[in-house]
Amino acid sequence: MEKGGYYYSPIGGLPNQEELTLGKAKFNASYLVIPSRSLTDIVTSLLPFWEKTRLWVLARPMSGFSHTFAHYLMEVEEGGGSDLPRDDDGVESVLFVTEGLLELKYGEGVFILTPGSYVYLPPSSDWELLNIGDSRAVFHWILKQYEFVSGIPEPEFFVSHDDKQQAIAMPETNGAWTTTRFVDPNDLGHDMHVNIVTFQPGASIPFLETHVMEHGIFILEGKAVYNLNGDWIEVEEGDYLWLRAFCPQACYAAGPSQFKYLLYKDVNRHPKLSNLSNMR
């Protein structure tokens, strides 16, 4: 199966005045669609202690939206980066690089990150990141408040790459639908998974999935038609989807290239029940 090699990165800029205003952006109680054309220069954000860096905030915890995670799409100019990426405790992160050349410092180690590099940063992490290339670097930064469990150690730091991981075929698909997993699904230390899912042209999720995990999906390559809570929506590389827990979902790859996306989901923990006391 074809792996690695190409990952969409945002273009930025601003649509010209001749383009139509209408698009496929949509936000409701079940799902969100942010089309790639919405990732313009005027909707970027800045962060403390990050130099020559801007970002698109694709998801953040808030009422009626994401409950478990935040998703940043980071753009770092040549020589930019941070020696204090975050100043809070208890937050774990995954970085996934789509463009450029980055240097990661973690403990006594120095790691060079290229497109396809994947990093897991545990909640007790001190790290630094610098763009050492001669052009911009782009990476996804997915963050979650880690849910500690007594007797289960927190996961360890690691660096991997898409090309180093085996893409596992889903049952009875003959390799048309695969998942690249960077952590062992049976490791209960991890309370989130960030995987790469790939469909060959014409492959599909042939039923409406409905499950407790919420999803963040960034499309890295190709195009498809997605069913989100009964609505069929055509999506393509650069689009972002958020799906709340139990939102029915299915898709089929529309070709001509493979359809590939970065997938977040929360796993391996009891659902929080504290709000039940307020229900009557």
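What counts as what
Residues numbered from 1 in each chain as written. Predicted model: local features only at pLDDT ≥ 70, side-chain atom pairs only at ≥ 80, totals over all residues. Heavy atoms only, no water. Helix = DSSP H or I, 4+ residues; strand = E, 2+ residues; numbered from the N terminus. Polar contact = N/O pair within 3.5 Å; in protein donor to acceptor, adjacent residues only side chain to side chain. Contact = heavy atoms within 4.5 Å. Buried < 20%, exposed > 50% of the residue type's maximum accessible area, 1.4 Å probe, protein only. Pairing = 2+ DSSP bridges. Core = buried A, V, L, I, M, F, W, Y, C linked by side-chain atoms within 4.5 Å. Phe/Tyr/Trp six-rings, centres within 6.5 Å; stacked < 30°, edge-to-face > 60°. Axes fitted to C-alpha atoms, helices over the stretch in contact; angles between N-to-C directions. Salt bridge = Lys/Arg side-chain N within 4 Å of Asp/Glu carboxyl O. Patch = residues over 30% accessible without salt bridge, like charges linked within 9 Å, V, L, I, M, F, W, Y side chains within 5 Å. Areas by Shrake-Rupley, 256 points an atom, 1.4 Å probe, with all protein chains shown as cover.

Visitor: What should I look at first to understand the side chain of Arg 54 in this one?
Guide: Here Arg 54 lies in strand β3 (residues 51-59). Here Glu 75 takes part through its side chain, which lies 2.5 Å from a polar atom of the side chain of Arg 54. If sequence neighbours within four positions are ignored, Arg 54 has contacts with Gly 12, Asp 41, Thr 44, Ser 45, Leu 46, Leu 73, Met 74 and Glu 75.

Visitor: It is not clear to me how the pairing of strand β2 (residues 31-34) should be interpreted in this structure. Could you clarify?
Guide: The side chains of a regular strand alternate, residue by residue, between the two faces of the sheet. Judged by which residues are buried, β2 turns out to be covered on both faces: Tyr 31 and Val 33 on one side and Leu 32 and Ile 34 on the other are all buried. In this structure, strand β1 (residues 26-27) lies alongside β2, joined through two bridges in antiparallel fashion. Bridging across to β2, Phe 27 finds its partner in Leu 32. Hairpin connection, β1 to β2: the antiparallel pair is bridged by three residues. Here β2 pairs with strand β19 (residues 240-243) via four bridges, running antiparallel. Among the inter-strand pairings, Ile 34 is bridged to a residue of β19, identified as Tyr 240.

Visitor: Please explain the nonpolar core as it appears in this structure.
Guide: When a protein is soluble and globular, its nonpolar side chains tend to lie buried together. Counting residues in each nonpolar core, the largest one holds 29 residues, and the members touching the most others are Leu 58, Val 194, Phe 218 and Tyr 240. If we ignore the near neighbours within four places in the chain, the residues touching Tyr 240 are Leu 32, Val 33, Ile 34, Leu 58, Ala 59, Phe 69, His 71, Gly 216, Ile 217 and Phe 218.

Visitor: What is the right way to read the environment of Tyr 264 from this model?
Guide: Residue placement: Tyr 264 occurs in strand β21 (residues 259-266). Given a relative accessible area of 0%, Tyr 264 falls into the buried group. Sequence separation of Tyr 264 and Thr 198 is 66 residues, and the distance between their C-alpha atoms is 14 Å. Aside from chain neighbours lying at most four places away, what touches Tyr 264 is Thr 68, Phe 69, Ile 142, Lys 144, Met 192, His 193, Val 194, Glu 214, His 215 and Gly 216. A polar atom in the side chain of Tyr 264 sits 2.8 Å from the side chain of Thr 68.

Visitor: Can you help me understand the packing of aromatic side chains in this one?
Guide: We describe a pair of aromatic rings using the distance from one ring centre to the other and the angle between the two ring planes. Counting across every chain of the model gives 20 aromatic pairs. Ring geometry for Phe 65 and Trp 242: centres 4.7 Å apart, planes at 70°, overall edge-to-face. With Phe 65 in the loop between β3 and β4 (70-82) and Trp 242 in strand β19, this pair connects stretches of sequence that are 177 residues apart. Relative accessible area serves as the criterion here: at 7%, Phe 65 is assigned to the buried category. Accessibility expressed as a relative area gives 1% for Trp 242, which makes it buried. With centroids separated by 4.7 Å and ring planes inclined at 85°, the aromatic side chains of Tyr 146 and Phe 148 adopt a geometry described as edge-to-face.

Visitor: Any chance you could explain the sheet that holds strand β15 (residues 204-209) here in plain terms?
Guide: Sheets are built from strands paired through backbone hydrogen bonds, the pairs being either parallel or antiparallel. Spatially, four strands are ordered β15-β20-β17-β18 in an open sheet, and the strand pairing comes out antiparallel. Edge positions in the open sheet fall to β15 and β18 (231-236), since each of these has one partner strand only. Between one strand axis and the next, the sheet turns by 20° as a mean value, whatever way the strands run.

Visitor: In this structure, what is going on with the pattern of salt bridges? I would like to understand it.
Guide: Note on pairing: side chains with opposite charge can pair once their charged atoms come close. Within the structure shown, the criterion is met by twelve salt bridges. Arg 54 serves as the salt-bridge partner of Asp 41, at 2.9 Å between the closest nitrogen and oxygen. Of the two residues, Asp 41 is situated in the loop between β2 and β3 and Arg 54 in strand β3; the sequence distance between them amounts to 13 residues. Take Asp 41: its relative accessible area is 35%, and that puts it in the partly exposed class. Its salt-bridge partner being Lys 144, residue Glu 147 comes within 2.9 Å of it at the nearest N-O pair. Judged by relative accessible area, which is 2%, Lys 144 ranks as buried.

Visitor: Would you mind showing me how to read a nonpolar patch on the surface here?
Guide: Residues Val 110, Ile 112, Leu 130 and Ile 132 make up a contiguous nonpolar surface patch of about 310 Å² in total accessible area. By the secondary structure assignment, Ile 112 is in strand β7 (residues 109-113).

Visitor: Explain unusual backbone geometry to me, please; I cannot follow it from the model alone.
Guide: Most peptide bonds adopt trans geometry, and most residues besides glycine take a negative phi value. Of note, the amide linkage connecting Gly 255 to Pro 256 takes the cis form, showing an omega dihedral of 5°. If you trace the backbone, Pro 256 turns up in the loop between β20 (249-253) and β21. Despite not being glycine, Asn 174 has its phi angle at roughly 55°, a positive value. Residue position: Asn 174 is located in the loop between β12 (167-169) and β13 (177-180).

Functional significance is not addressed by these values, which are geometric in nature.
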